[in-house]
Amino acid sequence: MAQTFLHAMFGPGSRARQEAAGSRSSYGRMEDGAGELDLLTDREADFIAARDSFYMASVSEDGWPYVQHRGGPGGFLRRIGGNRIGFADYRGNRQYLSAAYLAADDRVSLFLMDYPNRRRLKLIGHAYGSEDPADIAALMTPGYAAEPERAFLIDVVGFDWNCPQHITPRFTEAEVARETRPLLDELARLRARVAELEGHHS
């Protein structure tokens, strides 16, 4: 995939630089299959649903790029159907930057990271906010203690998987706890065994 993503993101300047660097023919072949959409598959949908955070870029009314971190329970960003993904927008500092920017220019870019496995997925699409209670309810995470204000729905146009070069593995507290649990369980078992043996010799 990624043909449409690359075709949308490459401009005359980048194509000229690719030509000078000798990489244009390779990227040109990658663009050849570009259509209206890079269709999301189960691979992308599963990766998206496994994330507990992502970065979202939009453009201000004055043309400044704006990048915002979004976080929540795993699965708070998910595919709704086809190439549409979405998430519930919870009440925060009430600056409403993304909401205002996307109302003026609906183009958005998402950057999703999987640090432990050194994977990343880039998405571009058209986003809009919805205050329809049905849209919000469909994207709420059960039991999550936050007050939703709207839903953000994103129609993905293209995506690209990047290589793992220069991604430093990082682990959340929950991931560290999960990976070390067998070691801690074994340590507890050995301590219990030592205590049992000492009891027999006392």
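Note that this is a predicted model, so its numbers are computed, not measured.

1. Some thoughts on the environment of Gly 158
- Considering the arrangement of structural elements, one finds Gly 158 in strand E7 (residues 148–162).
- Since its relative accessible area comes to 0%, Gly 158 is described here as buried.
- For the pair Gly 158 and Ser 58, spaced 100 residues apart in the sequence, the C-alpha separation amounts to 16 Å.
- Non-local contacts of Gly 158, meaning those with residues more than four positions away in its chain, are made with Phe 5, Asp 38, Lys 122, Leu 123 and Ile 124.

2. Details of the environment of Asn 162
- Inspection of the secondary structure assignment puts Asn 162 in strand E7.
- Taking the C-alpha atoms as reference points, Asn 162 and Leu 121, separated by 41 residues in sequence, lie 6.5 Å from one another.
- When near neighbours in sequence (up to four residues on either side) are disregarded, Asn 162 contacts Phe 111, Arg 120 and Lys 122.
- Only 3.4 Å separates the side chain of Asn 162 from the side chain of Asp 160, close enough to count as a polar contact.

3. Structural notes on the side chain of Asp 89
- Note that Asp 89 resides in strand E4 (residues 84–90).
- Within the local environment of Asp 89, its side chain forms a polar contact with the side chain of Arg 70, the two groups lying 2.4 Å apart.
- If near-sequence neighbours (up to four positions away) are discounted, Asp 89 is found in contact with Arg 70, Glu 147, Pro 148, Glu 149, Arg 150, Ala 151 and Phe 152.

4. Some words on the nonpolar core
- With 21 residues, the main nonpolar core has Ile 85, Leu 110, Leu 112 and Leu 123 as its most contacted residues.
- Broken down by element, the residue count for this core peaks at 5 residues, all from E7.
- Not counting residues within four places of it along the chain, the set of residues in contact with Leu 123 comprises Phe 5, Leu 40, Ile 48, Ile 85, Val 108, Ser 109, Leu 110, Leu 112, Val 156, Gly 158 and Phe 159.
- In terms of nonpolar packing, the next biggest core, distinct from the first, is built from 6 residues, Tyr 90, Ile 136, Ala 151 and Leu 153 among them.

5. What about unusual backbone geometry?
- Not every positive phi belongs to a glycine, and Tyr 96 is a case in point at roughly 60°.
- Along the chain, Tyr 96 turns up in the loop between E4 and helix H5 (97–104).
- Overall, Tyr 96 belongs to the partly exposed group, its relative accessible area being 34%.
- In this structure, His 166 takes a positive phi of about 70° despite not being glycine.
- Topologically, His 166 is positioned in the loop between E7 and helix H7 (173–201).

6. Considerations on H7
- Between the first and last C-alpha of H7 there are 40 Å, a value that for 29 residues agrees with the 42 Å anticipated at 1.5 Å per step.
- The sharpest bend along H7 measures roughly 45° and falls at Thr 180, with the proline Pro 182 sitting one to four residues further on.

7. As for the sheet that holds strand E2 (residues 65–71)
- Overall, antiparallel pairing links the 7 strands, which are arranged E2-E1-E5-E6-E7-E4-E3 in an open sheet. Taken across any chain shown, the strands that pair with only one partner, and hence form the sheet edges, are E2 and strand E3 (78–81). The sheet shows a mean angle of 35° between the axes of neighbouring strands, direction not considered.
- The sheet contact formed by strand E1 (residues 53–59) and E2 spans 7 bridges and is antiparallel. Paired with Val 59 across the bridge in E2 is Pro 65.

Criteria and cut-off values
- Residues numbered from 1 in each chain as written.
- Predicted model: local features only at pLDDT ≥ 70, side-chain atom pairs only at ≥ 80, totals over all residues.
- Heavy atoms only, no water.
- Helix = DSSP H or I, 4+ residues; strand = E, 2+ residues; numbered from the N terminus.
- Buried < 20%, exposed > 50% of the residue type's maximum accessible area, 1.4 Å probe, protein only.
- Contact = heavy atoms within 4.5 Å.
- Polar contact = N/O pair within 3.5 Å; in protein donor to acceptor, adjacent residues only side chain to side chain.
- Core = buried A, V, L, I, M, F, W, Y, C linked by side-chain atoms within 4.5 Å.
- Expected span 1.5 Å × (residues − 1).
- Bend = angle between axes of the 7 residues up to and from the residue.
- Pairing = 2+ DSSP bridges.
- Axes fitted to C-alpha atoms, helices over the stretch in contact; angles between N-to-C directions.

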